[in-house]
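So the chains spell out like this:
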Amino acid sequence: MAAVSSPATTATMATIVSNLHSFDLVACARRSIEKVVDEKGLKILLMDETTQDVVSMCYSFSDLLQKDLYLLDKVSSTDRQKQGHLKAMVYVRPTEENVQHICRELRNPLYAEYHLFFTNIVPEDLLDDLALADEHEAVKQVHEVYTDFFPMHPWTFSVDLHKPLIKDRELQYCSPRIVDSLVGVLLSIRRRPAIRYQGSSTVAATLAKDLSKRMNIEAALFDRKSDECLLIILDRADDLATPLLTQWSYEAMVHEEFSILKHKTAIAATQSDGSTKQEEMNLVPLFDKFWSDNLHVTWGDLCSNVKAVVDSYQEKTSNRASSNNLEDLRKIMDKIPELKKESITMSKHATLAAELGRIIRNRKLLELSLLEQDLVCSNGHREHADRVEEMLESGEITETKDLVRLVMLYMLRWERSKDNQIGRFKNLLKSRGITSDEEEALDQVLEYGGAAKRASDLFDDKKFTSILRQAVKGLQDVENVYTQHEPLLKRTLRDILKSKLPLETFPYLANPRTPTPSREWKPREIIVFIAGGITCEESKTICEVMKESPPIKILLGGTDLLRSGDVVKGLITS
């Protein structure tokens, strides 16, 4: 397992975040929240479910308490008591439901003052409703603080739509929320970018047009000149391989196996007696340095880093136990809170690493990953088909969901081969007892993300290019056989930076307020949005490209943060 390793990334990550400056989405969100809570005096903070999550991703509870916050509650709560000595800071999305809750309270105020902060542009009719309801003139200020997105990392955001793999027929329900989130990001970083989109995708084209229309309606807010900024809207269908592959970086592994939702996860940890215990864990990069430093570290180095943390803690506690000097004991007592925090961090990551190790062994993920990587990174259909068939028949891989992923990758890779074994492999999967949902997903995978639907050459299969690529790879020092694959996004970004991304397949959206750049234009700021969801591996890719091409700034956003299981859910038509 030590073979799955990567170079240290701590210093690189700090440099990347520093270079983002005004593009740092976490910093933007924190500044907006500070405007909400900086009002002097005792106060209550009223939020909706979305803003509660945004605050938890950017602020610790102890930080909030230092802002003289007496209480945190939901704006929808109806059992709060009248407390006329408090100020109410209301931080919510500008939805009709939230405004109705505020209006209900303004008609019978529970607090001395109300300070209203909305995460996006407030429609005029909702402002009128608020003005009519404020009979007691309790509202002291109304502000728009643009945080209508979930800042997962300084360079990554999500809409959190809970709708993986958006299809054309679903767009009318999804587009308004997606556009809201994109508007929030653009106003947060104060940019009016040029817009490109994946021309083969109705979803990408529609989102680009809807966003442009909204920007034109709110032209006064989008008055900042952005000659260096590009927004490109892509469709998940262009690269369905990346979310299906076994990934080996720490964040990607934890998300795949346990799910990370708003920087929180929960695992059923196996105890020494064989029983399991449910453990909830916070994984907030701002407050967990080990997590932040090791997000993109791969499995072999992660094991070494966890061991180093455990050894360091044991050494400190051993010195504490053996000390007889009173002055030394006093110093140790002063460090007890720090040691306690370190103990919690150590225990959390040791537990995660142990569970990941157990999953890797039990599900034979190293063996599976080796075949996956060969499928997407090399030619040779006959060999691939033989190895997939052997794995399906051997019984070595016991989790059918892993075999479904494998066959989907084979289908995406070899659908146009005349002697492909897609039908046979589907039948073998049925004999292994896959679910009806998995059967349906297999039937839909090429309809959603097959070669006919893709704008790009996902597997780089043009004859000359492919042969050349194989030769070059043989000469390069490939870091690891388990991490050869690079998401299509990396190639797309490199093409943008070299002015080589074809305008025929990724056109600019014409807009009289934003002149169309020339074919040779090389943006210095790029925002990538993938309709249908993004992956942890693509978030890592953004950092890699920024490291390769300083001082380029890149943000990555998507409708959701995907796991491989989300692909199956998204493909199901019912």
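Look a little higher up for the structure.
Residues numbered from 1 in each chain as written. Predicted model: local features only at pLDDT ≥ 70, side-chain atom pairs only at ≥ 80, totals over all residues. Heavy atoms only, no water.

J.: What's the story with the packing of aromatic side chains in this structure? I'm lost.
T.: Pairs of aromatic rings are described using the distance from one ring centre to the other and the angle between the two planes. With the rule as written, the count across this model stands at 7 aromatic pairs. Ring centres of Trp248 and Tyr482 lie 6.0 Å apart, and the angle between their planes is 65°; on these two criteria the pair is classed as edge-to-face. Linking Trp248 in the loop between α9 (241-244) and α10 (250-258) with Tyr482 in the loop between α20 (463-475) and α21 (488-497), this pair joins segments that are 234 residues apart in sequence. You can call Trp248 buried: its relative accessible area is 2%. By relative accessible area, Tyr482 is classed as buried at 14%. Here the aromatic cluster, defined as three or more aromatic residues joined through ring pairs, consists of Phe149, Phe157 and Phe529. Its guanidinium or amino end placed over the ring of Phe150, Lys262 lies 4.8 Å from that ring's centre, counting from NZ or CZ. (Phe/Tyr/Trp six-rings, centres within 6.5 Å; stacked < 30°, edge-to-face > 60°. Helix = DSSP H or I, 4+ residues; strand = E, 2+ residues; numbered from the N terminus. Buried < 20%, exposed > 50% of the residue type's maximum accessible area, 1.4 Å probe, protein only. Lys NZ or Arg CZ within 6 Å of the ring centre and 35° of its normal.)

J.: How should I be thinking about the layout of surface pockets in this particular structure?
T.: In this approach, a probe sized like a water molecule rolls over the atoms, and the result shows the empty space that is left. What the second largest pocket holds in volume is close to 660 Å³. Lining of the second largest pocket is provided by 25 residues; of these, Ser60, Asn282, Val284, Phe287 and Lys348 occupy positions nearest its centre. Among the elements of the structure, α3 (49-58), α4 (61-65), β11 (276-282) and α14 (336-362) are those that each provide at least two residues to the lining of the second largest pocket. For the lining of the second largest pocket, the element with the highest residue contribution is α14, accounting for 7 residues. (1 Å grid on protein atoms, 1.4 Å probe; cavity = no way out; pocket = protein on both sides within 12 Å on 5 of 7 lines; lining within 4 Å. Points joined across faces, edges and corners; volume = space filled by probe spheres on them.)

J.: Looking at this model, I keep getting lost on the nonpolar core. Mind explaining?
T.: Here is a general trend for soluble globular proteins: nonpolar side chains tend to be buried in one another's company. Counting residues in each nonpolar core, the largest one holds 157 residues, and the members touching the most others are Tyr91, Val528 and Phe529. In terms of nonpolar packing, the next biggest core, distinct from the first, is built from 21 residues, Leu46, Ala88, Val92 and Leu110 among them. (Core = buried A, V, L, I, M, F, W, Y, C linked by side-chain atoms within 4.5 Å.)

J.: How should I be thinking about the environment of Met89 in this particular structure?
T.: Within the secondary structure, Met89 sits in strand β3 (residues 87-92). The buried category is assigned to Met89, whose relative accessible area is 0%. Counting along the chain gives 458 residues from Met89 to Lys547, while the straight-line C-alpha distance between them is 40 Å. Those residues within four positions of Met89 in sequence are excluded, and the remaining contacts are Val36, Glu39, Lys43, Ile44, Leu45, Leu46, His115 and Phe117. (Contact = heavy atoms within 4.5 Å.)

J.: Explain the pairing of strand β13 (residues 553-558) to me, please; I cannot follow it from the model alone.
T.: In terms of burial, β13 is largely enclosed, as 6 of its 6 residues are buried. Residue alternation in β13 divides its side chains into two sets, Lys553, Leu555 and Gly557 and Ile554, Leu556 and Gly558, and both sets are buried. In the sheet, strand β7 (residues 156-158) pairs with β13 via 3 bridges, with the strands oriented parallel. Looking across to β13, one finds that Thr156 is bridged to Leu556. As paired elements, strand β12 (residues 525-531) and β13 share 6 bridges and run parallel to each other. Residue Val528 lies in a different strand from β13, and its bridge partner there is Leu556. For the crossover from β12 across helix α22 (residues 536-548) to β13, the handedness is right-handed. (Pairing = 2+ DSSP bridges. Right-handed = clockwise from strand over helix to strand, strands pointing away.)

J.: How do you make sense of the sheet that holds strand β8 (residues 194-197) when you look at a structure like this?
T.: Backbone hydrogen bonds hold the strands of a sheet together, and the pairing may be parallel or antiparallel. Spatial ordering of the open sheet is given by β6-β7-β13-β12-β9-β8, a layout of 6 strands whose pairing is mixed. Each having just a single partner strand, β6 (150-153) and β8 make up the two edges of the open sheet. On average, adjacent strands in this sheet sit at an angle of 20° to one another, irrespective of strand direction. Sheet topology places strand β9 (residues 229-235) next to β12; 7 bridges connect them, and they run parallel. Looking at the pairing, Ile232 lines up with Val528 of β12. The strands touched by α22 are β6, β7, β12 and β13; relative to β13, the strand with the most contacts, the crossing angle is about 170°. (Axes fitted to C-alpha atoms, helices over the stretch in contact; angles between N-to-C directions.)

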